Amino acid sequence: MEATTSLLDATAVGDLVLLDPLTEESLLHTLQERFRRSDIYTYIGNVVISVNPYQSLPIYTPEKVQEYRNCNFFAVNPHIYAIADDAYRSLRDRDRDQCILITGESGAGKTEASKLVMSYVAAVCSKGEEVDKVKEQLLQSNPVLEAFGNAKTVRNDNSSRFGKYMDVEFDFKGEPLGGVISNYLLEKSRIVRHVKGERNFHIFYQLLAGGSAQLLQQLKLRQDCRHYGYLNRESSGLPGVDDAANFRTMQDAMRVIGFSPAEVTALLEVTAVVLKLGNVQLSSSYQASGMEACSIAEPQELQEICELIGLDPGTLEQALCSRTVKARDETVLTTLSVPQGYYGRDALAKNIYSRLFDWLVNRINTSIQVKPGQQRKVMGVLDIYGFEIFQDNGFEQFIINYCNEKLQQIFILMTLKEEQEEYVREGIQWTPVEFFDNSIICNLIENSKGGILAMLDEECLRPGVVNEDTFLTKLNQLFAAHKHYESKETQNARRVMDASLLPQCFRIHHYAGKVTYNVTGFIEKNNDLLFRDLSQAMWAARHELLRSLFPEGDPQKVSLKLPPTAGFQFKASVATLMKNLYSKNPNYIRCIKPNETKTAMLFTPELVLGQIRYLGLMENVRVRRAGYAFRQLYGPFLERYKMLSPRTWPRWAGSDREGVEVLLAELAFPPEELAFGYTKIFIRSPRTLFDLERRRQERVAQLATLIQKMFRGWRCRTQYQLMRKSQIIISAWFRGHVQKNKYKQMKRSALIIQAYTRGWKVRRAYRRYFRSEASARLANFIYRRLVQKFLVGLGRNLPPLLVTDRTWPPAPYKFLADANQELRSIFYRWKCKKYREQLTPQRRALLQAKLCASELFKDKKTLYSKSLQQPFQGEYLGLTQNPKYQKLHAVAKDKLVMADTVRKVNRASGKAVPRLLLLTTEHLVLADPKAAQPKTVLSLGDIRSVSVTRFSDGFLALHLKETSTGGAKGDFLLISDHLIELVTRLHQTFMDTTAQALPLHIADQFSTRFQKGDVAVTVVESAKAGSDVPVCKKRGSHKMEVLVH
Ligand SMILES: Nc1ncnc2c1ncn2[C@@H]1O[C@H](COP(=O)(O)OP(=O)(O)OP(=O)(O)O)[C@@H](O)[C@H]1O
Ligand SMILES: [Mg+2]
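The model shown is predicted, which means the values in this text are computed figures rather than measured ones. (Residues numbered from 1 in each chain as written. Chains lettered and ligands numbered in written order. Predicted model: local features only at pLDDT ≥ 70, side-chain atom pairs only at ≥ 80, totals over all residues. Heavy atoms only, no water.)

### Structural notes on the environment of leucine 581
Line of reasoning, step 1. Position of leucine 581 relative to the elements: it lies in helix 22 (residues 566–582).
Line of reasoning, step 2. In this structure, the C-alpha to C-alpha distance between leucine 581 and leucine 940, residues 359 residues apart in sequence, is 114 Å.
Line of reasoning, step 3. Discounting chain neighbours no more than four positions away, the residues touching leucine 581 are Cys99, Leu101, Tyr165, Leu382, Leu407, Ile410 and Met414. (Helix = DSSP H or I, 4+ residues; strand = E, 2+ residues; numbered from the N terminus. Contact = heavy atoms within 4.5 Å.)

### So, the coordination of the magnesium ion (ligand 2)
Line of reasoning, step 1. Those donors, Thr111 (OG1) and Ser160 (OG), are the protein atoms that reach the magnesium ion (ligand 2), and they lie 1.9 to 2.1 Å from it. With a gap of 49 residues between them, threonine 111 in helix 5 (residues 110–124) and serine 160 in strand 5 (residues 159–160) connect regions that are remote in the sequence.
Line of reasoning, step 2. What makes threonine 111 buried here is its relative accessible area of 13%. (Donors = N, O, S within 2.8 Å, 3.2 Å for Na, K, Ca; no water. Buried < 20%, exposed > 50% of the residue type's maximum accessible area, 1.4 Å probe, protein only.)

### Quick notes on the state of the cysteines
Line of reasoning, step 1. This model, assessed by the stated rule, comprises zero disulfides.
Line of reasoning, step 2. We note that cysteine 403 lacks a disulfide partner, and the nearest cysteine sulfur, in cysteine 442, lies 10 Å from it.
Line of reasoning, step 3. When its relative accessible area of 0% is taken as the criterion, cysteine 403 is described as buried.
Line of reasoning, step 4. Here cysteine 505 stays unpaired: no disulfide links it, and the sulfur of cysteine 460, its closest cysteine neighbor, is 18 Å away. (Disulfide = S-S within 2.5 Å.)

### Observations regarding the sheet that holds strand 14 (residues 505–510)
Line of reasoning, step 1. With antiparallel pairing, the three strands of this open sheet are ordered in space as 13-14-15. Either end of the sheet is taken by a strand with one partner, and the two such strands are strand 13 (485–487) and strand 15 (513–518). Ignoring which end each strand starts from, the neighbouring axes of this sheet average 25° apart.
Line of reasoning, step 2. Judged from the three bridges that link them, strand 13 and strand 14 form a sheet pairing that is antiparallel. (Pairing = 2+ DSSP bridges. Axes fitted to C-alpha atoms, helices over the stretch in contact; angles between N-to-C directions.)

### Focus on the sheet that holds strand 17 (residues 630–633)
One key point about sheets: their strands pair by backbone hydrogen bonds, in either a parallel or an antiparallel sense.
Line of reasoning, step 1. The antiparallel open sheet is built from three strands, whose spatial order is 17-19-18. In this open sheet, the two strands that pair with only one neighbour each are strand 17 and strand 18 (674–676). When the angles between neighbouring strand axes are averaged without regard to direction, this sheet yields 15°.
Line of reasoning, step 2. In terms of strand pairing, strand 18 meets strand 19 (residues 680–683) through three bridges, oriented antiparallel. Among the inter-strand pairings, leucine 674 is bridged to a residue of strand 19, identified as isoleucine 683.
Line of reasoning, step 3. Across the sheet, helix 25 (residues 634–641) is in contact with strand 17, strand 18 and strand 19; its angle to strand 17 comes to roughly 100°.
Line of reasoning, step 4. Each of strand 18 and strand 19 touches helix 26 (residues 656–667); the most contacted strand, strand 18, lies at about 160° to it.

### Comments concerning the side chain of glutamate 981
Line of reasoning, step 1. Inspection of the secondary structure puts glutamate 981 in helix 33 (residues 979–994).
Line of reasoning, step 2. Of the residues examined, glutamate 981 reaches a relative accessible area of 2% and is grouped as buried.
Line of reasoning, step 3. Setting aside residues up to four positions removed in sequence, glutamate 981 forms contacts with Pro871, Phe872, Gln873, Gly874, Tyr876 and Met898.

### A closer look at the confidence of the model for the protein chain
In low-pLDDT regions, the fine details of the predicted coordinates are not to be read closely.
Line of reasoning, step 1. Summarising the model, the protein chain shows a mean pLDDT of 88, and 97% of its residues fall at 70 or more.
Line of reasoning, step 2. When mean pLDDT is compared element by element in the protein chain, helix 10 (residues 261–277) scores highest at 96, while helix 1 (residues 2–8) scores lowest at 45. (pLDDT = per-residue confidence, 0-100.)

### Some words on the nonpolar core
Line of reasoning, step 1. Judged by nonpolar contacts, the single largest core of 188 residues is most densely connected at Phe148, Ile352 and Phe506.
Line of reasoning, step 2. Considering every element that reaches this core, the biggest residue donor is helix 13 (residues 338–368), with 13 residues.
Line of reasoning, step 3. Excluding its chain neighbours within four sequence positions, the residues that come into contact with isoleucine 352 are Val270, Val273, Val274, Leu277, Met538, Leu546, Leu549 and Phe550.
Line of reasoning, step 4. One finds Leu958, Phe972, Leu979 and Leu986 within the second-largest nonpolar core, a separate group that totals 31 residues. (Core = buried A, V, L, I, M, F, W, Y, C linked by side-chain atoms within 4.5 Å.)

### A few points about the side chain of glutamate 422
Line of reasoning, step 1. As for its position among the elements, glutamate 422 is in helix 14 (residues 395–425).
Line of reasoning, step 2. On the basis of relative accessible area, glutamate 422 is assigned to the buried category, the value being 7%.

### Thoughts on the packing of helix 16 (residues 452–461) against helix 17 (residues 468–478)
Line of reasoning, step 1. In the contact formed by helix 16 and helix 17, the axes pass within 10 Å of each other and the chain directions differ by 145°. Helix 17 is crossed by helix 16, and the crossing has right-handed handedness. For the pair helix 16 and helix 17, contact is made by Ile452, Met455, Leu456, Glu458 and Glu459 and by Thr470, Phe471, Lys474, Leu475 and Leu478, respectively. (Left-handed = near helix turned anticlockwise from the far one by under 90°.)

### Some remarks on the pattern of salt bridges
Line of reasoning, step 1. For the coordinates displayed, the defined rule picks out 52 salt bridges.
Line of reasoning, step 2. Here glutamate 263 and arginine 363 are joined by a salt bridge, their closest N and O atoms 2.9 Å apart. Separated by 100 residues along the polypeptide, glutamate 263 in helix 10 and arginine 363 in helix 13 bring together distant segments of the chain.
Line of reasoning, step 3. Since its relative accessible area comes to 24%, glutamate 263 is described here as partly exposed.
Line of reasoning, step 4. Classification of arginine 363 as buried rests on a relative accessible area of 13%.
Line of reasoning, step 5. With a shortest N-O distance of 3.2 Å, glutamate 1041 and arginine 1035 are connected by a salt bridge.
Line of reasoning, step 6. By sharing partners, the salt bridges in this structure join Arg161, Glu187, Arg190 and Glu198 into a single network. (Salt bridge = Lys/Arg side-chain N within 4 Å of Asp/Glu carboxyl O.)

### Here's the deal with the site of ligand 1
Line of reasoning, step 1. Not every one of the 18 residues close to ligand 1 is listed here, only the nearest: Ser106, Lys110, Thr111, Ser159 and Ser160.
Line of reasoning, step 2. Take tyrosine 60: an N or O atom from its side chain is 3.0 Å from a nitrogen atom of ligand 1.
Line of reasoning, step 3. In the environment of ligand 1, an oxygen atom lies 2.8 Å from a nitrogen or oxygen atom belonging to the backbone of glycine 107.
Line of reasoning, step 4. Considering ligand 1 on its own, with 630 Å² of exposed area, one finds that the protein chains cover 86% of that surface.
Line of reasoning, step 5. When residues of the shell around ligand 1 are traced back to their parent elements, those giving at least two are helix 5 and strand 5.
Line of reasoning, step 6. Across the shell around ligand 1, the residue classes tally to four nonpolar, eleven polar and three charged. (Near = heavy atom within 4 Å. Polar contact = N/O pair within 3.5 Å; in protein donor to acceptor, adjacent residues only side chain to side chain. Areas by Shrake-Rupley, 256 points an atom, 1.4 Å probe, with all protein chains shown as cover. Nonpolar A, V, L, I, M, F, W, Y, C, P; charged D, E, K, R; others polar.)

### Overview of the packing of aromatic side chains
Line of reasoning, step 1. Applying the stated criterion across every chain yields a total of 31 aromatic pairs.
Line of reasoning, step 2. Geometrically, the ring pair formed by tryptophan 808 and phenylalanine 827 is tilted, given 5.2 Å between the ring centres and 35° between the ring planes. Placement of tryptophan 808 in the loop between helix 28 (774–796) and helix 29 (817–837) and of phenylalanine 827 in helix 29 is noted, with a sequence separation of 19 residues between them. Exposure class is identical for tryptophan 808 and phenylalanine 827. Each is buried.
Line of reasoning, step 3. Relative to tryptophan 830, the ring of phenylalanine 827 lies with its centre 5.9 Å away and its plane at 35°, an arrangement referred to as tilted. (Phe/Tyr/Trp six-rings, centres within 6.5 Å; stacked < 30°, edge-to-face > 60°.)

### Details of the environment of threonine 249
Line of reasoning, step 1. Position of threonine 249 among the secondary structure elements: in helix 9 (residues 243–257).
Line of reasoning, step 2. Separated by 102 residues in the primary sequence, threonine 249 and alanine 147 place their C-alpha atoms 9.8 Å from one another.

### Things to note about unusual backbone geometry
For residues other than glycine, phi is negative in most cases, and the peptide bonds are mostly trans.
Line of reasoning, step 1. For the bond from tryptophan 649 to proline 650, the omega torsion is 0°, close enough to zero to count as cis.
Line of reasoning, step 2. Residues other than glycine seldom take positive phi values, yet leucine 185 does so here, at roughly 35°.
Line of reasoning, step 3. Considering the arrangement of structural elements, one finds leucine 185 in the loop between strand 7 (176–184) and helix 7 (202–210).
Line of reasoning, step 4. Located in the positive-phi region is lysine 598, a residue other than glycine, with phi close to 55°.
Line of reasoning, step 5. Tracing the backbone shows lysine 598 in the loop between strand 16 (585–592) and helix 23 (605–614).

Right under this line is the structure:
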């Protein structure tokens, strides 16, 4: 509501189309009044006029973004966000590529406006990890480009010294995919010279103020700006600008965009080289021939530059102080004079910097570019340097103003001329509005046959003496009668007295005012030549980035063709830009600068009036007022709005035009609001269009609801039918199942009843033939017969008598199951008893030993399972047969239990030696195998316990009581091939002799007692040991390891 009143407020209308009366004064007054109220934005239809407030206003908050999101352009207060929103929606919903043209003079707020548009679009388009990354990269390109391409001028503390056009690309959903930046003509002369009170490009000051001590040292720079010739040796801080903080912001931005640390370093190195070049001083000396020649005055700076770029200082010195000239087939090295030397040095610095800037833009493009193949919509934002009129205007101003002239031409063509021509074309009643068409000025400059730029190129290429005078003379001849061209000569011819126009100047009457250009330097700047020696020197540097900036320096690629001139290149890129802009739907933001002093909220009417005039705002309002705000071909219009009438929805059978007529007649708009052209419908006021759009939105919402309703209904119906079908199947199966069960139950019952009935009938019928207890006796008889048959059958078919065979026939009747089980166990026990009875005493003893072994070792020692197959032989030595063992035989007498060879582990070294072992019912004897003499005789009572390992080895520790006589040297460690048998027999014999169980430890660690003290034995699994044979290793005096496999 408030917004609408603001639009219609008589003293300060928001849309100048509504201004009444329409005069320059009322227009100026309106802008001033609105500016006073801090309403810096005003419309002319859908063109936004922005007056720079030079102070931050609270109108760019996130809440404001929300307010303007999907807003009705004319229903809210004029704002740059409204035009951004309109453009974005038109791009997303109507699939029309957009461009946003921001024009105005230097300091009018173009760059700020472009950033506001970008940030608005970034805020309203959807979010997501990938999308946010793209948005960040696009937004962060600004601080980087501003650092390298902006500078303080007298008009603007952050003046863009290059033109920028950025295409932001979106996918079909309106999500940003990436972009492309084009840059136009960097003002490179600023590198070597700037007016007092201005500054060089920001980056130099930022680098010196914000670079860490280490970085500056690495770049061989000093922090003090006054040290550098190109920075004019003056103090450089700007009020309200923190160069150091901006440097950090720029570095962060580079990181976000995707610059690698190496790239950033390379970039800063080249920047440092440019700065240092300004300090290379030349001095003059006289050669033997008497000619003046220049040389490097102080080699330190040159030396440092060469260290930075990896170049031999001699090469650079030669390139700076001399020049190779090709005369016929000879090459001659001529020395340069001091001014020539300085000229070359400055040209080099300018070239390095401007090429570095191009590289920077390309590098950013590489990061933000969209993968090929994706369908995209484009929004271009053009922020180009504004129209400039200085005291002394040179080639740069000429080029910049030419570009502005072209932009004005686009504006005129698209909004004024084309619009009026279209009304005529479409046969709409129309009274033409007068406006100034600037094609004549554009033509004066760019005409490829006789334009100023063409003349300049011709002059540059002409052989012979070339200077600006001949160029100016040519212009004077050509444009003597041109309305927009003036010079001293043409003035003289017309007898005009004008002291302000100097002889070496010409003046052009631009759309935005008269500008006097001084031709001095035109030819040199247009040629933009760099001595080949310098580019070759740069190419010879080892610094990858710098080298890549000078491809023409490659001696292999020497070309004699002159490179295109600066003017020619600029004209070509402006032509491409214009073509690009023409293909898009334009949106205009016209920036106005309210005062010359950058003062907050100060409005200088004279200054603004000048801009109102040259921006053609009056004509713009007039055409708008007389014209129609909106037009569209009948087909797409009908397609978009046909849902608003039941007659055209969903299909219209007639022609598109008839359809539109029917549709609009039904909507009952006032007739003066509409005009029907031959192919297009015209709608006069935006209000009507917005009304149409609003109705469409409501209708679309209704239709969407209808579609939702139908779809939901269909989905529910289908689901219901599916559920119903399933339910019927389930109930059918369930009922069937219930009935089947019931039937089975009934059948069983019927059979039982039948059986009983039949039995009852039979019993009744036969009762008279039998006595009353006959059935019991019969049953008893049958039962006994069955038992008898079972037992007899069993007797005949007894299973084999083998104890290992546990088979038994099953019971033939259930009632015999228990008895059968009982019989089976009786039979088995009986079988075992029989088996035991027929055993010989030896076999019995052997089995007892096996049983004992099982109790001792089963599931405790791995070796046990291997021993199962081996019979316990006891006597492995053949004591009786071998006469050698006679003495031992005598020792054993008749009491021998076991005789075997074992290995005894040496307590000190762990080495094993063979021994004969005899176990008798009373002793354990260890004998020397060669002599067959007993070495140790242990009474069984001396043995305390035995330890073995868990593994499949034959290791055994025989722990002796401390009091034992035989074991004075301590416990025995033995290795036996029949360990299980040996321990079992020892255990049994021990039990028989002492009536006590012999303690057996099966463990991985145990302690043994040797003569020299206790030794901890640890069992270690190791591949070094043999499969059964353990290896003992003594570790120190109190540790022994038994390696087992
Ligand atoms: N909407 C705004 N709100 C507050 N301050 C603004 C606004 N627009 C511009 N300014 C101020 O004006 C200064 C100049 O604006 P800007 O750099 O956008 O001008 P420009 O038109 O791009 O000039 P040039 O052609 O020299 O690049 C800004 O640094 C800022 O201080
Ligand atoms: Mg700018």
